[in-house]
Every structure is written in C-alpha cells, then in structure tokens.
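Read off the chains here:
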Number of protein chains: 2
Amino acid sequence: MSAKVYRVNMNDLSVTTEEFPARWQGLGGRGLTSTVVAEEVVPTCHPLGKHNRLIFAPGLLTGTPAANSGRMSIGAKSPLTGTIKESNVGGVAGQLFARMGIRALIIEGEPPGEAFYHLHIGKDGIKIRVESELVGQGNFAAIEALQARMGRQVGVISIGPAGEMKLAAANISVCDPEGKVRSFGRGGLGAVMGAKRIKAITLDAAEAPPVTLAKPEQFKEASKVFSKALLGHPVSGEGLPNYGTNVLVNVINEAGGLPTRNFRQGQSTGHDNFSGEAMHATITARGGKPRHGCMPGCIIQCSQVFPDQDGEYLTSGFEYETIWGFGAHSGVEDLDHIARADRLMDDIGVDSIETAVAVGVAMEGGAIAYGDGAAAVDLVSEIRSGSPLGRIIGNGAASVGRAYGLTRVPVVKGQAIPAYDPRAIKGIGITYCTTPMGADHTAGYAVASNIMGIGGLVPPLEKEGQIELSRTLQMVTAAVDSTGLCLFVAMALSDDPLALPAMVDLLNARYGEELTPDDVVMLGRRILLTEHEFNMAAGFTNKDDRLPEFFSESLPPHNAVWDFSGEEIDEFWNF
Amino acid sequence: MSAKVYRVNMNDLSVTTEEFPARWQGLGGRGLTSTVVAEEVVPTCHPLGKHNRLIFAPGLLTGTPAANSGRMSIGAKSPLTGTIKESNVGGVAGQLFARMGIRALIIEGEPPGEAFYHLHIGKDGIKIRVESELVGQGNFAAIEALQARMGRQVGVISIGPAGEMKLAAANISVCDPEGKVRSFGRGGLGAVMGAKRIKAITLDAAEAPPVTLAKPEQFKEASKVFSKALLGHPVSGEGLPNYGTNVLVNVINEAGGLPTRNFRQGQSTGHDNFSGEAMHATITARGGKPRHGCMPGCIIQCSQVFPDQDGEYLTSGFEYETIWGFGAHSGVEDLDHIARADRLMDDIGVDSIETAVAVGVAMEGGAIAYGDGAAAVDLVSEIRSGSPLGRIIGNGAASVGRAYGLTRVPVVKGQAIPAYDPRAIKGIGITYCTTPMGADHTAGYAVASNIMGIGGLVPPLEKEGQIELSRTLQMVTAAVDSTGLCLFVAMALSDDPLALPAMVDLLNARYGEELTPDDVVMLGRRILLTEHEFNMAAGFTNKDDRLPEFFSESLPPHNAVWDFSGEEIDEFWNF
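Residues numbered from 1 in each chain as written. Chains lettered and ligands numbered in written order. Predicted model: local features only at pLDDT ≥ 70, side-chain atom pairs only at ≥ 80, totals over all residues. Heavy atoms only, no water.

(A) The overall build of chain A, seen in detail. On a plain count of helices and strands, chain A comes out with 22 helices and 17 strands. Once the C-alpha set of chain A is aligned to its principal axes, its extents read approximately 60 × 50 × 50 Å. Considering chain A as a whole, with its 575 residues, one finds that 66% of them fall into the buried category. When contacts within chain A are restricted to residue pairs at least 6 apart in sequence, long-range pairs at least 24 apart make up 70% of them. As displayed, chain A offers around 18,100 Å² of accessible surface, 50% of which is attributable to carbon and sulfur atoms. (Helix = DSSP H or I, 4+ residues; strand = E, 2+ residues; numbered from the N terminus. Buried < 20%, exposed > 50% of the residue type's maximum accessible area, 1.4 Å probe, protein only. Contact = heavy atoms within 4.5 Å. Areas by Shrake-Rupley, 256 points an atom, 1.4 Å probe, with all protein chains shown as cover.)

Structure below.
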C-alpha cells in the first residue's frame, strides 16, 4: 500500500488524500509531527483556534513485527505550554494507521456550530459524521460504545469530557488490545482535538495487508538481536516487567530525589505504602496481572492490570509518575485511592502527571487537606462536571497556582514537573529546563544515567556533565520517538553495543535505506532544532528555559540546591 | 523637609531611611517607580515572590498647589501581565507623601508566617504592626475603621479581599477626601501588596509643612496659566465636568468603536441606557453630585457621586470604561446594576476594567447569561468569597478565557483590552500592542486624536500615522505620569500652546531647574525605553506586541479589521 497523508479540513468537513511527499521521507512519529507543525502552524497562533493543526503520525517502524514498535505520535501547538508539542503512546491505533499506509493525518480548521464529530478511517478513506450519542461520555464508555457499534476490531482514539471542555491538561486516549485506555498524555493535546470538535476517531484496518518490508530477512535478523538486547537488560528485562515503572518509588526515594510534599523533601516516609513492591503484592493478592503489554508486540510488559478490592478491573498503565504525584507529592499514600484517581483521569481524559501535580498544588493552596485521599479523588472527579474548581484543576498545575496566588508551583513552560527532583538529580533538571516540550522527564531521561548508571554514571548531585548528558539524551530520544519504538528500548541502546546497530538495521530493512547510527542521531538533532526554532518564533526565549525560583531552596536529605546559572543552562543550545 | 526614600524590608520588618539619591533626581511618579523596578527587581522573578518590590512614588508636582497635581504612582512587576507595571491614582495619599518629603517608599521581601501587617507613616517614620482586625474586610470598611482608629486626617492605602488572596486583578485602593475609594487599578498590584502581606498603609502628615517651592512667584504665575488652559479646553473644561468620562459612551458608539458583545460589534443598541447623559440625569434626579474631585486641587471634577434609588451614596469615580464593560461588552444596560458592581469592585479591591471584561468573557464561556445584570453583580460578589469561580473571575479576563477554553479573549500581555475597539480606532490598537504595560488605553490615548481631533485628527480607520501618534503619546504620557498631574491635562497640552510651557515652568519653579519642553519629552522617552528593556529581560519579545487573532474578523458598522502586520507594529520601537 502506497504511503499517504490524509488531510481533514474541519472548516467544511472535507478530506483530501496526498501522496506522502518526498520532503518528509525518513520522517515518522515525532520527527514528522514536529516537522509538519513547524511547516504549517503559525507559531503565534492561539492553540485552540482555527490556525492550529493536529497531526497524527505512526512511527517509522510502527506496524512491523519488531518488538515494542507500535507507538504513534500526535503533534500540535500546545494549549498548556504554548510550545510545539509531541506526545506518543502505545495502544493499537498506531499499528492500524501503519497497516492502512497512513503516514500522517493532519486536521485543520474548526467547524462552525456546536456539534462534535466522529471520524472513521477504513478502506474507503475517511468518513465524517456528527457524533451526538457520545458527547459528555468518558473514554471507557466511548470505546465500549464505538466498538459495540463498529466491531471489536476497530481502534479508537477519543477525548473525554476534559477535551470537550478544552481544558489544558486534557489528553487524547487510545484503546489498548483489551479495549482499555492508554493516553497521549502531556501538553493538553486533547483540548486541541476538542477545539477541532472531534470526539473520536475509529480505525478499521481489517482488510489491510501487513506492513511491507523492503528486506524481510534482514529485518528478521535485526529483530532477533534487538529483542534479545531488550530482554537482556536488567531494567527492560527484569525491573519493568516485575514492578512496572513504579519500581522507581524505592529507587528514587533511596536517591533522595522523590519530590515530597510539593517538592519540600526528597524522601517520603510513606514510600513503602505505594512502592512497586507494594503494588505487585496487591495485584497478586487480588488476582490481577502484574505484567501486561499496552500494545501488540510488547515484550517488556511494564503495564499491569490493577484490580479493586473485589478483584474487578480498576486500572492499568498505572505509572510511577502518577503514583508519585498522589503518593509523595500530595501525601495520598493509599494505593486504592491513587488507582481510583488514575481510573478517573483516564476516563475524564486528563494527563495523570499534570493532574496529580495540580492536586498537590491545590493542597498547597488550601483547596483540600494535604494527604486526604478521598478528597483528592473527589477533586479529580470534579473535573468531569465542568465546575469552576474542576476547570481550575483540569487546566493543570500552573492554573491552580494562579488561582491560589502561589509561588511554589513546579512547572516549566506551564507544564508540571514530574517525579524527579531536579536538585537531587540534576541531569533531569537540565532536561526540564531545555526540552522544547515544557517540563518532561521522557524528553531526555537523565535519571537513567544519574541514578541507574545506564550508559555510564553521571553523578546526580554534581553539575559536571549534565548539560552534555541531557543534550545527547534529548537527541537520541527525538530519534527514538520517531521510530515508533517504546522509549524503554533506550536502556538497551545505551548499554548493549548490539542494540543501536540492530535498531538502525530495522529501519534500513523496513525502507531499503542505508542509514548509519550517526544518521539516526543527526535526525534527532534536526528534530530538536526544528522544535526549538518553532518555540522561538512563537515568542519563547532563553528566559523560559528556567526552573521556578523556589528551587533555590535546599532539598533534604542531600540539602541540594538548583545551582545552574542562566548562562550555564543556555549552553545547552550551543551545538 | 529634605527628600527621602523609605525602604521597608518585610523579611524582618525593618525600615531604613535614605536620602533621595542623586541618580534619581528629576524622577517622580512613574519615572521613579519604573526606574527603581528596572534597577532593583530581577526581571524574571515571580511577581508574588520575595524578589519583587512594590514602589510608591508621588509625582514631581504632587503636593504643590498646581491644579490636578496630586497623583501618585505604584510600580512593581505585574502578576497579571508579567511585565513592568505602573499604576497611578488621585485621592489624598500622594499629597501626604509629598508633604512628608517622601519621594519613594520601597517595599521588599516577604514576611514569614500568615499575619498581615499595617504600616503607619507619620512624623516619627514608619511603624509596622500586625493587623488582624481588618483582615478579610473590604476597602470601605478598612478606610472607615482606620480613620476611626487614627483620626480623619489620615490617608489610607489598602487592599481588599482580592489583594489578600493575591488575585491577579487585585488593585490597591486609596481614600479620597471624603473617605471613599479610588484605585491604583490596573496590573494586579494589589496582589503584590497582598504577597508582601500588607493590608493597609496609613499616612499622617498633620504636622508636616507644605511642600517647598524653589521659586514661589514663578510657580504661581505658571499655575494660573495652566489652570486657565485646563478650564478653557472643551473636554477638560466642559465634557468631563458635566458627564464624567462616561461622556464617551455616545461619542465612541457614534464612531463605531464601542466594543459590544465581547467585541462583535462596534455599536450598542442600548447605549442610551448607560450613556453619560443618562447617568447625569439619574444622578441629578436622585440628589447626587454630577461633579466631584477625586483629590484636593482638582478643577476638572470628572468624578461624581452616584446615589442609589433611595438617594444613598452608592459609588463615585464611575468611569466610562467600567460602564462600557458591563453596558456594551456584557449587555448589562441598567446603570443601577453597573453601579452596584462598581461599588463591589471598589470594596473587594479589583480593577473594574479587568473585572468587567472578565464578566463579559465569562458570559462568552456560558458561566452566566449575556445581559443578565443580577447575575453579573453576583459574579463580581463571588470574588470576595474566594470560591473557585470567584478566583477565576478575580484573576482577570485571560484567566476566564483559559478556564472556559475560549479564543475570543480580548487581552494583550494578559491584560484586558478596554472600551475602544482597535479595529475602528487604530491608534489605540497600536498603544494596546506596544505599551510595556499590557493593553492600556491610558498609556497612549490615541482616541483623543483619532476621534476627537485633539492635537490634530489622525483618521481612526486608516493605518497611516498611527504608529507615530501612539509613540508620541506614549512618551508624553510617561512624562505626565511622572509629574503627578492627572492625565486629563493632556487635552490642553495638545491643543493649547501655552499649556506645555506652563507645565514645564511649574516643574522648574518647584525644583529650581531649567528644563525645556524637549527635556520633558525626552524624560518620557527614557522611561518608555527603560520599561521596554525590563520586559525584554523578563522574556518578552515582539511576539507579545500583538492583538489576539480574533481581531482579524471585521467589525460592524465600518467592517473594519485589524490590518497591521507584525513588522509594521515592530516599527514602533525604532526610535
């Protein structure tokens, strides 16, 4: 099937199909979404207005049999940060896009009127219909209703009530193989989909052939090596499968970098209550699944199925950062409260990091008491109602900070800082400051080197080497986010000398190219610069590459402070 | 009395007195506050944090017998806009500062703990006490209680509940000669005072001598000429005294530039219900005062006393922009509803322009129905409660826009656009874009030339000449805002060839200097550049000098659009 681009113009509900253009060859996932945003979106436009565009793009390897290759990206100008934004996810949608030969779906304009729409993508192209039944419904109900209506084989991309209300923490959801919810989490892209008035996109690839491979044998060989590298690494082969990402609670707490009580301490006294080990025990005792893949072809299986006290499905994809946001940051140490909040956030359609941090900031402002789990769950639930308080929370941590007149608001470029204190893990602080995405640990996960020694230890409490570390990681990450591979392949890429060549071989075998590892890093470099340039054109400056001023306070137990000067941080972009 | 500067450090509640330094000679009012902010405030600091400073400075002529010379300025980094901010007001405080020889009061740091404080300034310097009685009280009650406690002769500067809550639309109030309320309105400086935890400042100048004049006879002569020019101008001598600033409803409506229904039309069908003429008739019928001076020595008397239906005092300083914000922008056409809202805003301590625009934007978002006066009054009242909805409104129009996911939000640099549509009155649009203060008509009131032909007509619907007009006016305004003169002297300055020399003579006679009119314009130029430079250092760029994108829609009845390119606007700063 020849590669194509769909354009949907919501002004008049028209669809055009274009051949995948030569200038975008070699781009997929984040590389493609960021390139299209940079080429086609007016940098100074209102993120919720008609000049913003929402771009969906599967990764370069998405749809192939390579392990952990099924991710896709969505890009736009972010309503949360005002920057360029890319967010990627597993689930089934990326693979369906790839099988139908869709390299990008670009949604433009805004429809007149108040109706919401449903886009169906199948063998006959795109059909756009008014969607009234599902308006106001949560993601779980929307997925269930759409699969009941159109068949269990369809993939669903949807927004919840938060996206419909265009709240800045709104995410975009995609169903996993069991019809549960995964999310394009960060940056409020659900609000852009809401502004385009699209409630859901369904994908039916039932009659589509498998993705073609230019060199099937070479692909198979590389795939074997690559899978072996993933399974052979202690993190992707052992830690993540056993405890999920929540294995990090004890690791980061031990390192003194677990931000506790709105970033006042680096260690939590209650960490044992919500650690990966505690979660594993709870899941096992209740007959849940400690291991689960969010997408077909996942061999890491860091997800899980977390049941409630009666053994009924409650949530999955129950991540460290979410659990930290309630557990340590907000003092809600009961895993059941956190799991209920996680379920609600998935259903309402808000980013769990942004929302969890917002809840802790609301405690700082006195909206609810610190550590009150029931009140925290209610606060999350409030978002669905569209009440003023729900809107404040659903617009994220910076919104809560403004509402309550606070200075202790952990955000960079308006996006919440996640679960790693930048004073005690300085490399991740450089990533928070400099990534074009607003504070985002996944943009250059220096924690791996600072704490786990992956790719060589860069001591976390020292300034030395952090700029270079974050820069290298951000380039590699931009490239990995373009491949459709899960970011958790990066551990093996760093430590196993066979992994990176295998990844490059996979790309070459898929497309019949002759890329070298350097080409892939250069791709990441180019993406990063494209994104940075967009932000500068949107009015950002180096003054936005800074942590909030309260990080000059020292953080126990190391009494670490954030001691990078502006000039030192600005060195990041000298490459 | 020798000129001095008081510094209050709220970190430890200490006070120091400094001689007025040579480098600040020739500076007062806005020129002084902006210079101190630029010298002493870290441009990237959090406006509500310990690194921001709040600077009070009477104008250069404040305290003298010159007509309309009693104003003072407050400056800081604004919590609403993030820019440098100056706001000035009449009332009695400026003259008391001047009589006590205080050229500036600089408030630094932030106190530990939750207490609010009361600063008393008298012949023995500054005394700082914990203030508990007045916390949570409105400005009317605070002024009444403080004057009852300390004597009717004391001047009072205070914040209402909005300032205590650090809401971004919070203003700072000052009592007028009758103990009623005037406000340093724009830019949220009340939130900075709240962050410094100062509920009120009282001023007792009972034993202070009059302000000294270097050349009393020359001053007297110049004063006569200046007064005559003010009274001889049709606007300051007739229009404003008879109808207040609200004379503009019919003028701007006739010009097609009265923003109606959140900037959808340029004319209101209901304008007769809330025009200056209607207001005058209501005041007269109820036994109120159509003319009133907000400060001793005012000969323009544009204020008024607006009584309720029983003839009881309801509000004063009932301005055109406030009345427009409810009347045309929000469709609340009943003057009594608007007056009640005005009274509430004065008492709660929020900027009436920001709040009125926020109310209209809340109608756009569906929070209350368009045109519902009782609901609008309730919405304003809600701010006092600290409820989530009150916080959304009390943080201003941009906050409401974010909460409700709107693109039709009339703000520049986060501050609400007031009562003149920039498409139909293009000169004021250039001022909105370029003033370092965020959208502010007073920063360079091109309406006077565009609509009233003051200083020569620059046709409002054409682009030609608007950049130069706004630039000249912004320079002159920055200078006038430094003198302590009411901005309404600018009409005479533009049209009466004797007025500007008389103003310069007043300055020379006060200080024994030899300034020329050019020196005064150069002072304005320097202030403007200082402010712009601060903003650039804070991270602003030319991308912030833009109107919201919805101004590309055409505005009836002229079907005018905002057609300045970015490059054209950027020409403003080429001087």
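(B) Structural detail: the interface of chain A and chain B. Contacts between the two partners involve 28 residues from chain A, matched on the other side by 28 residues from chain B. Roughly 2,200 Å² is buried in total at the junction of chain A and chain B, and carbon and sulfur atoms are behind 56% of that figure. Among the residues of chain A in contact with chain B, Arg402, Lys543 and Glu549 of chain A are the three that bury the most area, contributing 23% of the side total. The interface formed by chain A and chain B holds 0 salt bridges in total. Run the count over chain A and chain B and you get 10 residue pairs in polar contact (both at pLDDT 80 or more). Elements represented by at least two residues in the side of chain A that touches chain B include exactly α14 (388-394), α15 (397-403) and α21 (517-538) of chain A. No other element matches α14 of chain A, which puts 4 residues into the side of chain A that touches chain B. When its residues are assigned to classes, the side of chain A that touches chain B shows 13 nonpolar, 9 polar and 6 charged. (Buried area = accessible area lost by both parts, 1.4 Å probe. Salt bridge = Lys/Arg side-chain N within 4 Å of Asp/Glu carboxyl O. Polar contact = N/O pair within 3.5 Å; in protein donor to acceptor, adjacent residues only side chain to side chain. Nonpolar A, V, L, I, M, F, W, Y, C, P; charged D, E, K, R; others polar.)

(C) Broad picture of the packing of aromatic side chains. Summed over the entire model, instances satisfying the criterion amount to 26 aromatic pairs over all chains. Here Tyr420 of chain B and Tyr445 of chain B contribute two aromatic rings whose centre-to-centre distance is 5.4 Å and whose plane-to-plane angle is 80°, an arrangement assigned as edge-to-face. Remark: Tyr445 of chain B occurs in the loop between α17 (426-434) and α18 (447-450) and Tyr420 of chain B occurs in the loop between β17 (415-416) and α17; sequence separation between them is 25 residues. The same class applies to Tyr420 of chain B and to Tyr445 of chain B, which are both buried. Connected via pairs of aromatic rings, a cluster forms that spans Phe263, Trp324, Phe550 and Phe551 of chain A. Across the ring face of Phe564 of chain B, the terminal group of Lys463 of chain B is positioned such that the distance to the ring centre comes to 5.4 Å. (Phe/Tyr/Trp six-rings, centres within 6.5 Å; stacked < 30°, edge-to-face > 60°. Lys NZ or Arg CZ within 6 Å of the ring centre and 35° of its normal.)

(D) Representation of the environment of Phe20 of chain A. All names here are of chain A. The residue Phe20 is located in the loop between β2 (14-19) and α1 (29-40) in this model. Judged by its relative accessible area of 6%, Phe20 falls in the buried class. Between the alpha carbons of Phe20 and Gly155 there is a distance of 23 Å; along the sequence they are 135 residues apart. Among residues more than four places away in sequence, those in contact with Phe20 are Ala3, Lys4, Val5, Gln25, Leu27, Leu32 and Arg103.

(E) Up close: the sheet that holds strand β9 (residues 155-158) of chain B. Residue and element names in this part refer to chain B. In spatial order, the strands read β8-β7-β12-β9-β10-β11; together these 6 strands make up an open sheet with mixed pairing. Every other strand in the sheet has two partners, leaving β8 (125-130) and β11 (181-184) as the edge strands with one partner each. With strand direction ignored, the average angle separating the axes of adjacent strands in the sheet is 20°. Where β9 and strand β10 (residues 172-175) come together, 2 bridges link them in antiparallel fashion. Of the residues in β10, the one forming a bridge with Ser158 is Ser173. Of the strands in this sheet, β7 (117-122), β8, β9, β10, β11 and β12 (198-203) touch helix α3 (residues 139-150), which is tilted by about 145° from β9. (Pairing = 2+ DSSP bridges. Axes fitted to C-alpha atoms, helices over the stretch in contact; angles between N-to-C directions.)

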